[in-house]
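Summary of the model geometry
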Amino acid sequence: MLGIPTTIAVDDLDFVAYPRIQIEPGFHMPERTLPHLLGVNRSLCYYGKGSVILDRYDPGGTVLQCLEQAEAVLRDAVAGRSDDDFADEFQAYWGGTFAYVDLPIGHIGPARLCRTTLDRGNRTPLVATTGRSWFMARTERARRRSDAGEPLAVVTVDQPLTFAATEAWPPETLPDLNRWLERAAPGVVGVVEEVLRTRPGTSAAVLIRAPNGLYCFRVKVPLQLRRPEFLEIRRMRLPEVMARQLTPTPIERSVGVRADAEYLFGRNLGRMRNLSGKKILLAGCGTIGGFLAQQLAQCGAGAGKGTLALTDTDILSTGNLGRHLLGVPYLGRNKAEACAAFLKEQLPPLAIEGHACDVRELDLRRESYDLIIDATGEEALSLALNERAVRTRPTTPPHLFVWLVANGAAAQCLLTGEAERACLKCLKPALAGPPRFPVLRDGVEVETMANVSCGDADYVPFPVSRSVAAAALACDLAIDWANGDPGDRFRTILLDVRRALPVPNGNPGPDEACPACRAGA
């Protein structure tokens, strides 16, 4: 046995959170830093979060299991067998504060470290930027030029940053930092001093891009040296003067967190391309379109040189609140303009615009949009858009139609644009005739409810979950389109087996009886 006294606290009897195991405060540990031992309370990280499911029905055995695992982790740590894990955990050892990094991919060289205020809060995080950060879009316009951040140098290293178990950690002063850098990243030694010499201001910072993360450190010129003599006349000698001070220059450390648009909208798609750079028009910002607009935005629509244009003629009313993306603050506003405002507040990097107009009033040529999505759920409008698209192809971009069947019994979508594929009208050539691919079971009727206001159309009741499912179906097809392989262009999700029949996904061809295809031939 190691003989290391520990305490265990079971705060969660469901064992969703692992029991806390800590080294007792009075125990003198070996003269080396141990991996997996974090914080001033010397709490032991013995299981990775979510890596093991503990048995809530065997609390005694579960506690013993945790203690045995903790002992094994400590044994390896004391023996030096897990020192390589310092690199994996380096963020935990580097510092407890964070800096958002909104820099171009691979940027190396000068940048700025700015402090900004996030909306709806008093937080003022640091942001590493070249000056074009979406974080700074609102606040930087109001800044004086001299206040626009601190000088920052961005450097890169090939090896993961780590430290030896026997060296003092963490570095608190500039001399300590340089001693560590001489071993861990020799090429970074002297970079912050060079920033102090050559760039104006009373501070300097360095951001290290390493294989195991982003790490920032900054130094401030001591108050007694913030005089023109040192900041201007003897600027080139400033680091040497600081080094001769009786008190070593302290450093501030922060962990960098990527916040560039490519990371925000690409990390969840893995190797798949996101919608960045695409010009997308979404017609209809109602119960399906509102959620679809959000999903498209979260997949990068409007990022890079792309745009996400929204259009709708309706306003948001109280009757919409039960199954719409937007809530009370947007009542009485046009749905497209309100959705655009909401999404721009949530995701400022994106170019999103809302138009309070009929989609047919816009220029729908390929020069304007790469993809047009119809989520209006209005069959007459959808057929009108489809007819124009068929008649003007190939000068019109592909159209993606999405709709719910009956009372949300199924969600369907169709991507059109190719003469050898079915258009929307091909799915039901005769308006009063049967659909080409029936989805409703025999005898099922659509339930409608009358609106109170005279002149308003009846509405079809269904839960909000059906709207979200339809939006997700269309979003998936849009992503497949952006990746160059749409796969099945006609897709169906069955949402109520009591009312709907399964319809295989596929790529149906044109129907000989389709009036739209005949007119566009």
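Whatever comes next refers back to the structure up there.
Residues numbered from 1 in each chain as written. Predicted model: local features only at pLDDT ≥ 70, side-chain atom pairs only at ≥ 80, totals over all residues. Heavy atoms only, no water.

Structural notes on the sheet that holds strand S5 (residues 98-102)
Strand order in the closed barrel made by the 7 strands is S5-S7-S6-S8-S9-S10-S11, with mixed pairing throughout. The average undirected angle you get between the axes of adjacent strands in this sheet is 30°. Contacts from helix H4 (residues 174-184) reach strand S9 (203-210), strand S10 (213-220) and strand S11 (251-258) within the one sheet, and its direction differs from that of S10 by about 145°. (Pairing = 2+ DSSP bridges. Helix = DSSP H or I, 4+ residues; strand = E, 2+ residues; numbered from the N terminus. Axes fitted to C-alpha atoms, helices over the stretch in contact; angles between N-to-C directions. Contact = heavy atoms within 4.5 Å.)

Overview of the sheet that holds strand S16 (residues 399-405)
As summarised here, the arrangement of the 7 strands in space is S14-S13-S12-S15-S16-S17-S18, forming an open sheet in which the pairing is mixed. The two strands at the open ends of the sheet, each matched to only one other strand, are strand S14 (352-355) and strand S18 (490-494). On average, each strand axis in the sheet is inclined to that of its neighbour by 15°, with strand direction left out of account. Here strand S12 (residues 279-283) runs beside strand S15 (residues 371-374); their pairing, made up of 4 bridges, is parallel.

What about the packing of aromatic side chains?
Applying the stated rule across the entire model yields 16 aromatic pairs. Plain terms: the ring middles of Phe 90 and Trp 180 are 5.8 Å apart, the flat faces sit at 15° to each other, and that makes the pair stacked. In this pair, Phe 90 is assigned in helix H3 (residues 90-94) and Trp 180 in helix H4, connecting sequence segments 90 residues apart. Given a relative accessible area of 2%, Trp 180 falls into the buried group. Clustering of aromatic rings is evident, with ring pairs tying together Phe 90, Tyr 93, Trp 94, Phe 163, Trp 169, Trp 180 and Tyr 215. Lying across the ring of Trp 481, Lys 278 places its NZ or CZ 5.4 Å from the centre. (Phe/Tyr/Trp six-rings, centres within 6.5 Å; stacked < 30°, edge-to-face > 60°. Buried < 20%, exposed > 50% of the residue type's maximum accessible area, 1.4 Å probe, protein only. Lys NZ or Arg CZ within 6 Å of the ring centre and 35° of its normal.)

Here's the deal with helix H12 (residues 464-482)
Here H12 spans 27 Å end to end across 19 residues, near enough to the 27 Å set by a 1.5 Å rise per residue. One or two residues past the end of H12 sits Gly 484, with phi positive at roughly 85°. (Expected span 1.5 Å × (residues − 1).)

As for the environment of Gly 377
Summarising the element assignment, Gly 377 is placed in the loop between S15 and helix H11 (379-392). Counting along the chain gives 26 residues from Gly 377 to Trp 403, while the straight-line C-alpha distance between them is 5.4 Å.

Looking at unusual backbone geometry
Between Trp 169 and Pro 170 the backbone carries a cis peptide bond, its omega angle lying at 5°. Tracing the backbone through its elements, the reader meets Pro 170 in the loop between strand S8 (150-156) and H4. If you check the backbone angles, Phe 15 has positive phi at about 60° while not being a glycine. Examined against the element boundaries, Phe 15 turns out to sit in the loop between strand S1 (6-9) and strand S2 (20-23).

Quick word on the environment of Leu 440
With respect to the secondary-structure elements, Leu 440 resides in the loop between strand S17 (410-416) and H12. Judged by its relative accessible area of 24%, Leu 440 is partly exposed. Distance from Leu 440 to Ala 380, taken between C-alpha atoms, is 20 Å for residues 60 residues apart in sequence.

Brief notes about H11
An ideal rise of 1.5 Å per residue puts 20 Å on 14 residues; H11 measures up with 20 Å between its terminal C-alpha atoms. Among the residues making up H11, those that are buried are Leu 381, Ser 382, Leu 385, Asn 386, Ala 389 and Val 390. On an axial view of H11, the arc spanned by its buried residues comes to 165°, and they lie on one face. (Arc of directions from axis to C-beta.)

So, the side chain of Arg 323
Tracing the chain through its elements places Arg 323 in the loop between strand S13 (307-311) and helix H10 (335-346). The class for Arg 323 is buried, based on a relative accessible area of 19%. Only 3.2 Å separates the side chain of Arg 323 from the backbone oxygen of Phe 462, close enough to count as a polar contact. The residues touching Arg 323, leaving out its near neighbours within four places in the chain, are Thr 287, Phe 291, Val 460, Pro 461, Phe 462, Val 464 and Ser 467. (Polar contact = N/O pair within 3.5 Å; in protein donor to acceptor, adjacent residues only side chain to side chain.)

Description of the pattern of salt bridges
The full count for this structure, using the stated rule, is 23 salt bridges. Note that Glu 167 and Arg 183 form a salt bridge whose closest N and O atoms lie 2.7 Å from each other. On the criterion of sequence distance, the pair formed by Glu 167 in the loop between S8 and H4 and Arg 183 in helix H4 is long-range, its members being 16 residues apart. Look at Glu 167 and you get partly exposed, because its relative accessible area is 21%. Of the residues examined, Arg 183 reaches a relative accessible area of 44% and is grouped as partly exposed. The salt bridge partner of Arg 498 is Asp 496, with a shortest N-O separation of 3.2 Å. Overall, Asp 496 belongs to the buried group, its relative accessible area being 9%. Through salt bridges with shared partners, a single network forms among Glu 150, Arg 218, Lys 220 and Glu 252. (Salt bridge = Lys/Arg side-chain N within 4 Å of Asp/Glu carboxyl O.)

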